[in-house]
Amino acid sequence: MQFRDLKAQYKALQPEIDEAIRSVIDSSAFILGKPVGELEEKLAAYVGRKHCVACANGTDALQLALMIWGVGPGDAVFTSDFTYFASAGTSSILGATPVLVDIDLNTFNMSPQALEEQIKRVLAEGKLKPKVIVPVDLFGQPADYDKILPIAEKYGLKVLEDGAQGFGGSIRGKLACSFGDISTTSFFPAKPLGCYGDGGAIFTDDDEVDARLRSLRAQGKSPTDKYDNREIGMNSRLDTLQAAILLPKFKAFVEHEIDDVNRVAGWYTKRLEDRFVTPSVPDGYVSSWAQYTILTKSAEERDNIREKLKENNIPSMIYYPRGLHQQQAYKWMNLDDSMYQNTIKATKLCLSLPMHPYLREEDVDTVCKVLLD
Ligand SMILES: *Cc1c(COP(=O)(O)O)cnc(C)c1O
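An account of the accompanying structure is given in this report.

The rules behind each value
All chains use their own residue numbering, which begins from 1 and follows the written sequence. Selection of residues for local features in this predicted model requires a pLDDT of at least 70, selection of side-chain atom pairs for listing and counting requires 80 or more, and totals for whole chains, interfaces and linings are taken over all residues. Each side-chain value is derived from all of the structure's non-hydrogen atoms; neither hydrogens nor water enter the calculation. Counting from the N terminus, the helices are the DSSP runs of H or I reaching at least four residues and the strands are the DSSP runs of E reaching at least two. Within these notes, the globule rule equals 2.2 Å times the number of residues to the 0.38 power, and the radius of gyration is based on C-alpha atoms. The rule is simple: take the accessible area with a 1.4 Å probe, protein chains only, and divide by the maximum for that residue type; under 20% is buried, over 50% is exposed, in between is partly exposed. By the convention used here, residues are in contact when the closest approach between their heavy atoms is within 4.5 Å. Any residue with at least one heavy atom within 4 Å of a molecule or strand is counted as near it. Polar contact is the term for a pair of N or O atoms within 3.5 Å; when the atoms are in protein, one must be able to donate a hydrogen and the other to accept it, and sequence-neighboring residues count only if both atoms are side-chain atoms. In this classification, Asp, Glu, Lys and Arg are treated as charged, Ala, Val, Leu, Ile, Met, Phe, Trp, Tyr, Cys and Pro as nonpolar, and every other residue, Gly included, as polar. Pairs of strands are assigned from DSSP output, requiring at least two bridges between the strands. Fitting a line to C-alpha atoms yields each axis, with helices limited to the stretch in contact; the angle taken between N-to-C directions then spans 0 to 180 degrees. The term salt bridge refers to a side-chain nitrogen of Lys or Arg lying within 4 Å of a carboxyl oxygen of Asp or Glu.

Take the overall build of the protein chain next. Broken down by element type, the protein chain carries eleven helices and twelve strands. For the protein chain, whose C-alpha radius of gyration is 21 Å, the value lies close to the compact-globule estimate of 21 Å for 373 residues. Projected onto its principal axes, the C-alpha positions of the protein chain cover 65 × 60 × 35 Å. The 373 residues of the protein chain split such that 57% are buried. Relative to all contacts within the protein chain whose residues are 6 or more apart in sequence, the contacts with residues 24 or more apart total 72%.

Turning to the environment of Cys 52, a few remarks are in order. Within the secondary structure layout, Cys 52 lies in strand β1 (residues 51-55). Residues Cys 52 and Val 99, 47 residues apart in the sequence, show an inter-C-alpha distance of 28 Å. Setting aside residues no more than four positions away along its own chain, Cys 52 makes contact with Glu 40, Leu 43, Ala 44, Ala 201, Ile 202, Phe 203 and Arg 214.

Before going further, it helps to spend a moment on the site of the ligand. In the vicinity of the ligand there are 14 residues, among which Gly 58, Thr 59, Asp 162, Ser 186 and Lys 191 approach most closely. Interatomic distance of 2.7 Å between a backbone N/O atom of Gly 58 and an oxygen atom of the ligand. Within the contact set of the ligand, an oxygen atom lies 2.7 Å away from a side-chain nitrogen or oxygen of Ser 186. Residue composition of the shell around the ligand, grouped by class: four nonpolar, eight polar and two charged.

The strand order β1-β9-β8-β5-β4-β2-β3 describes an open sheet built from seven strands, whose pairing is mixed. The open sheet has two free edges, formed respectively by β1 and β3 (97-101), since each of these has just one partner strand. If you compare each strand with its neighbour and ignore which way they point, the axes differ by 25° on average. Note that strand β2 (residues 75-80) and β3 share five bridges and pair parallel. Paired with Phe 78 across the two strands is Val 99, which belongs to β3. Together, β1 and β9 (200-204) form the strand contacts of helix α2 (residues 34-47), whose direction differs from that of β1 by roughly 130°.

Here we take up the environment of Arg 306. Note on placement: Arg 306 falls in helix α9 (residues 299-311). Spatially, the C-alpha atoms of Arg 306 and Val 370 are 9.6 Å apart, while their sequence positions differ by 64 residues. Contacts of Arg 306, omitting those with residues within four sequence positions, involve Ser 316, Met 317, Ile 318 and Leu 351.

One pass over the structure, following the stated rule, counts 20 salt bridges. One salt bridge in this structure joins Asp 210 and Arg 214, with 3.1 Å as the shortest N-O distance. Of this pair, Asp 210 and Arg 214 both sit in helix α7 (residues 207-216), four residues apart, which is roughly one turn of the helix. Taking the relative accessible area as the measure of exposure, Arg 214 reaches 27% and is therefore partly exposed. Salt bridges here are not isolated pairs; linked through shared partners, they connect Glu 40, Asp 210, Arg 214 and Arg 217.

Here is the structure:
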């Protein structure tokens with residue numbers, strides 16, 4: 001059994017994907033060829049935003065967005081403590097200071113209450129200027145925007161939605177990547193919508209931000225003369241090949257894969273909910289199930305289960321084994337565990353199970369049997 005079965009997906013879509021790859025090679029337009037623009041239009045329309053700017057990966061997407069707002073030394077950027085490193089690393093690399101926020105244990109997403117406490121703490125300390133909130137749509141589920149957006153408004157902060165895992169999720173029909181002033185996603189192969197290498201995208205409704213992002217992903221070139229640079233940018237474009245591969249994959253994603261993963265999640269929850277803490281999806285929320293993550297009763301129980309799963313050739317993962325405040329790169333911040341009690345609980349008890357649209361009910365049965373035994 002695969003944790004995320006990319007081969008099964010390729011088998012289902014092979015003729016279209018092979019044809020897409022061949023046509024890019026035929027065209028020789030490897031950089032910013034026609035499929036890139038076509039993909040950008042389709043993704044923007046799907047998410048319900050005016051613009052989509054494709055780029056090289058989800059990390060660059062976050063960094064480019066922060067560059068739009070001139071985030072740098074002295075700025076505080078608030079993000080979740082329980083996420084992939086890039087959510088915070090992208091502010092550090094620009095010289096800003098990430099301020100890590102504890103999570104809500106029911107959703108694994110940033111706790112709005114802890115967020116406001118951290119903003120107040122930073123303001124009281126008076127050393128950093130609060131600038132941006134980076135909520136993460138972790139494991140496929142949108143963050144609590146009903147509470148986070150009013151907090152951003154109250155303190156005058158920008159919202160950068162890290163939708164790397166959230167693409168396809170929604171709140172009351174409004175899709176992930178539409179909640180931030182700027183929103184980003186990743187097409188890393190294992191994400192809900194993945195390509196065959198690295199890729200990412202940035203979403204905005206602002207024409208000027210769109211134009212600047214197109215410039216910043218190409219070294220900061222001016223729109224009229226590409227050898228006259230108007231600011232310092234990056235080299236961060238989505239390959240035409242990846243865009244061409246994403247087009248048929250996006251079609252399958254919208255047509256059935258989102259429904260398929262939700263059906264799989266339902267099979268898991270029905271079998272496991274009496275015995276484990278299964279993922280809770282609030283009313284009106286839809287997850288795109290980047291991960292299906294349960295909580296065990298104890299760290300020992302988790303070890304035992306992982307051992308038994310391994311004996312049965314079933315892969316499982318620990319997302320994530322430590323909070324960002326516990327990472328070596330952030331040791332210098334000397335952050336106290338007491339501020340991150342929910343993150344710490346999650347790191348000790350979380351267990352992610354195989355999850356993808358091509359998982360069959362008998363596979364779910366096999367996994368759950370081991371867990372329940
Ligand atoms: C994967 C991921 C990223 C980074 O995306 P890449 O395409 O791998 O650079 C950022 N944030 C989160 C939450 C992610 O899961």
